[in-house]
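Residue strings, one per chain:
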Amino acid sequence: GLLSASVPAVVAGQVACADAAREAALLIARGANAAEVDAAVDALAPDGALVHVGRAGHTVWVEVTASVSMGAGPLAGRAWVPLSGHAVAAREPGV
């Protein structure tokens, strides 16, 4: 049906958010600048994803959020599924 056709897109989007969060956390932990982090997230995450970064002591955490449209036909652009990926990394010495 209409919803089952969307399941692969939701799963792929969720995996992409997790991958983007992990890559961003590692880059930040290694001292990358904001442009490098944004480029990595743009390359990995679904279109329109947002990145939230936090730091506490020697730890950095990243959350990448996005949403994907559910289905085609009457649901296209009307029903959205929220997605998110989270990652934590220890900052490297000197960063």
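Each chain has its residues counted from 1, running along the sequence as written. Selection of residues for local features in this predicted model requires a pLDDT of at least 70, selection of side-chain atom pairs for listing and counting requires 80 or more, and totals for whole chains, interfaces and linings are taken over all residues. Each side-chain value is worked out from all heavy atoms of the structure, with water and hydrogens disregarded.

Undergrad: Any chance you could break down the sheet that holds strand E3 (residues 80–90) for me, citing the residues and the numbers?
TA: What the three strands build is an open sheet, ordered E1-E2-E3; its pairing is antiparallel. Both outer strands of the open sheet, strand E1 (50–56) and E3, are each paired with one neighbouring strand and no more. Within this sheet the neighbouring strands show an average axis-to-axis angle of 15°, counted without direction. Examined bridge by bridge, strand E2 (residues 59–69) and E3 share 11 bridges and lie antiparallel to one another. Any two strands between which DSSP finds at least two bridges are classified as paired. Strands are runs of DSSP state E lasting at least two residues, helices are runs of H or I lasting at least four, and both sets are numbered from the N terminus onward. For helices, the axis comes from a line fit to the C-alpha atoms of the stretch in contact; other axes are also lines fit to C-alpha atoms, and the angle between any two N-to-C directions lies between 0 and 180 degrees.

Undergrad: An account of the nonpolar core is needed here, citing residue identities and associated values.
TA: Among soluble globular proteins, nonpolar side chains are generally buried collectively. Counting 22 residues, the largest nonpolar core has Val37, Val41, Val62 and Val64 as the members making the most contacts within it. Mapped onto this core, the elements with two or more residues apiece are helix H1 (7–29), helix H2 (34–44), E2 and E3. Here this core takes nine residues from H1, the largest share from any one element. Apart from the residues within four sequence positions on either side, Val41 is in contact with Ala20, Ala24 and Val51. The set of buried Ala, Val, Leu, Ile, Met, Phe, Trp, Tyr and Cys residues whose side-chain atoms join them within 4.5 Å is what this entry labels a nonpolar core. Relative accessibility under 20% of the residue-type maximum defines a buried residue, over 50% an exposed one, and the middle range a partly exposed one, all with a 1.4 Å probe and only protein chains included. Between two residues, a contact is recorded if the distance between any of their heavy atoms is within 4.5 Å.

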